[in-house]
Amino acid sequence: MLLLLLLQVLASCLWLGHSEVVTSFESSCPQFFFRETPPNEALEPKNPAWICQRYKNQYYFATLYDRDRRIPLYSAYLYQPGPGKRPKTWLVEPQLMGPTYPKTMEREWTLLNYFNVSLEQLSKSQAMLQDYKNLTGLNRGHLNPSSHHPDSSSRTATFTLTNIVPQDEKLNGGAWNNYEQQTMTRRTQGCNTTYVIVGAVPGNNYIAKGRVNKPSHIWSSACCEVDTNHRKAWAVIAENDKNEVQLLTLGELEDVLTQLYRRDQVSLFHSSCPRE
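Just so you know, these numbers come straight off a predicted model, no measurement behind them.

The antiparallel open sheet is built from eight strands, whose spatial order is 1-2-3-4-7-10-11-12. Each edge of the open sheet is held by one strand with a lone partner, namely strand 1 (21-22) and strand 12 (246-248). With eight bridges connecting them, strand 2 (residues 48-55) and strand 3 (residues 58-66) associate as antiparallel partners. Bridge pairing in strand 3 places Ile51 opposite Thr63. Contacting strand 7 (193-201), strand 10 (217-227), strand 11 (230-239) and strand 12, helix 7 (residues 175-187) runs over the sheet at an angle of about 170° to strand 11. Sheet strands touched by helix 8 (residues 250-261): strand 4 (71-78), strand 7, strand 10, strand 11 and strand 12. Its angle to strand 11, the strand with the most contacts, is close to 40°.

Size it by volume and the largest pocket reaches roughly 510 Å³. At the level of secondary structure, the elements contributing two or more residues to the lining of the largest pocket comprise strand 8 (205-207), strand 9 (212-214) and helix 8. Split by residue class, the lining of the largest pocket holds nine nonpolar, seven polar and nine charged.

Right, let's talk about the UniProt feature "domain: ENPP1-3/EXOG-like endonuclease/phosphodiesterase" (unreviewed entry) in the chain for a bit. Feature annotation in UniProt assigns "domain: ENPP1-3/EXOG-like endonuclease/phosphodiesterase" (unreviewed entry) to the following positions: residues 58-268. Annotation note: span residues 58-268, helix share 24%, strand share 31%, distance between end C-alpha atoms 25 Å.

This brings us to the packing of aromatic side chains. Scanning the model with the defined rule gives six aromatic pairs in all. Ring centres of Phe25 and Phe33 lie 5.3 Å apart, and the angle between their planes is 35°; this geometry places the pair in the tilted category. When sorted by exposure, Phe25 lands in the same class as Phe33, which is buried. Clustering of aromatic rings is evident, with ring pairs tying together Phe25, Phe33 and Tyr74. The ring of Tyr59 is capped by Arg54, whose NZ or CZ atom sits 4.5 Å from the centre of that ring.

Below, the discussion takes up empty space enclosed by the protein. Under the criterion given, the structure shown has one cavity of 30 Å³ or more. For the largest cavity, the calculated volume is near 40 Å³. Around the largest cavity sit Tyr77, Leu143, Pro145, His148, Trp176, Tyr179, Glu180, Met184, Val196, Val198 and Ser220, which together line it. Classifying every residue of the lining of the largest cavity gives eight nonpolar, two polar and one charged.

This next bit is on the state of the cysteines. Tallied over the entire structure, the rule returns three disulfides. Across the disulfide, Cys223 is cross-linked to Cys273 (sulfur-sulfur distance 1.9 Å). Across the disulfide from Cys223 to Cys273, rotation about the S-S bond amounts to roughly 130°, and the bridge is consequently right-handed. Residue Cys223 is found in strand 10, and its partner Cys273 is found in the segment after helix 8; the two are separated by 50 residues along the sequence. Comparing Cys223 with Cys273, the two get one shared label, buried. Counting its disulfide-bonded cysteines in sequence order, the chain shows a connectivity of 1-2, 3-5, 4-6.

A large share of strand 3 lies buried, amounting to seven of its nine residues. Linking two consecutive strands that pair antiparallel, namely strand 2 and strand 3, is a turn of two residues; a positive phi of about 50° is found at Lys56 within it. In this structure, strand 3 lies alongside strand 4, joined through five bridges in antiparallel fashion. If you follow Tyr65 over to strand 4, its bridge partner there is Pro72. The loop that links strand 3 with its antiparallel partner strand 4 comprises four residues; one of these, Arg70, has a positive phi angle of about 60°.

Calculation rules
Residues numbered from 1 in each chain as written. Predicted model: local features only at pLDDT ≥ 70, side-chain atom pairs only at ≥ 80, totals over all residues. Heavy atoms only, no water. Pairing = 2+ DSSP bridges. Helix = DSSP H or I, 4+ residues; strand = E, 2+ residues; numbered from the N terminus. Contact = heavy atoms within 4.5 Å. Axes fitted to C-alpha atoms, helices over the stretch in contact; angles between N-to-C directions. 1 Å grid on protein atoms, 1.4 Å probe; cavity = no way out; pocket = protein on both sides within 12 Å on 5 of 7 lines; lining within 4 Å. Points joined across faces, edges and corners; volume = space filled by probe spheres on them. Nonpolar A, V, L, I, M, F, W, Y, C, P; charged D, E, K, R; others polar. UniProt positions renumbered as here; feature names shortened; annotations may be inferred. Phe/Tyr/Trp six-rings, centres within 6.5 Å; stacked < 30°, edge-to-face > 60°. Buried < 20%, exposed > 50% of the residue type's maximum accessible area, 1.4 Å probe, protein only. Lys NZ or Arg CZ within 6 Å of the ring centre and 35° of its normal. Disulfide = S-S within 2.5 Å.

In structure tokens form, the structure reads like this:
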């Protein structure tokens, strides 16, 4: 028992100062954004968390998380699809509770049993598995899909509840899945590097007794580097109660999001990414 306590103290000391919930993406994990430029502040919620998503001591993507609504507002990653099995283990982000907790995503069970964390403490900071049980007409919808990653660790990293929103089950398994698997494959032909930002617009409805927001829209955007002098971009948006995806230019999506958020003009990528 004493040894376990000492190990926990040592682990806490090692994690101090290596916060997973960071102050900015530019200084911590800029590699997931085209020309290291994240979206502007127009999408930021009142109570944001910038998460550099770490699994097994490596960053795999970046997420802007809405602490109050308990959903990600966007996830940014590099499109690198590869073969492999779909993971089954769901993870959470310990540092949403505070910087002294592990800097890598963990299972709920691990935090509850080895880090003296209570269910109430964990549930205050983020969505939990219990919130997504007994859903009717909704799925645990990935923003950053596991199939867009090349190996077991990178796919497992997408199975964090900070990358999940309540998504219409017909949309998730239908038109949105077609976009993720088929349209993305076609659109990325000839691309050397494809930067993706996929997001959710907060809606007026909630699940889990008001704990977790159900987004009104799901959207995705991509900026592809063909070579040093040529780039192309595209985007889609879907209402979260219809099995229909609308293909847009990057500029059109930014304008739609500006209207939906009713704030400043939205900018998702560096200005050198084409809007037309």
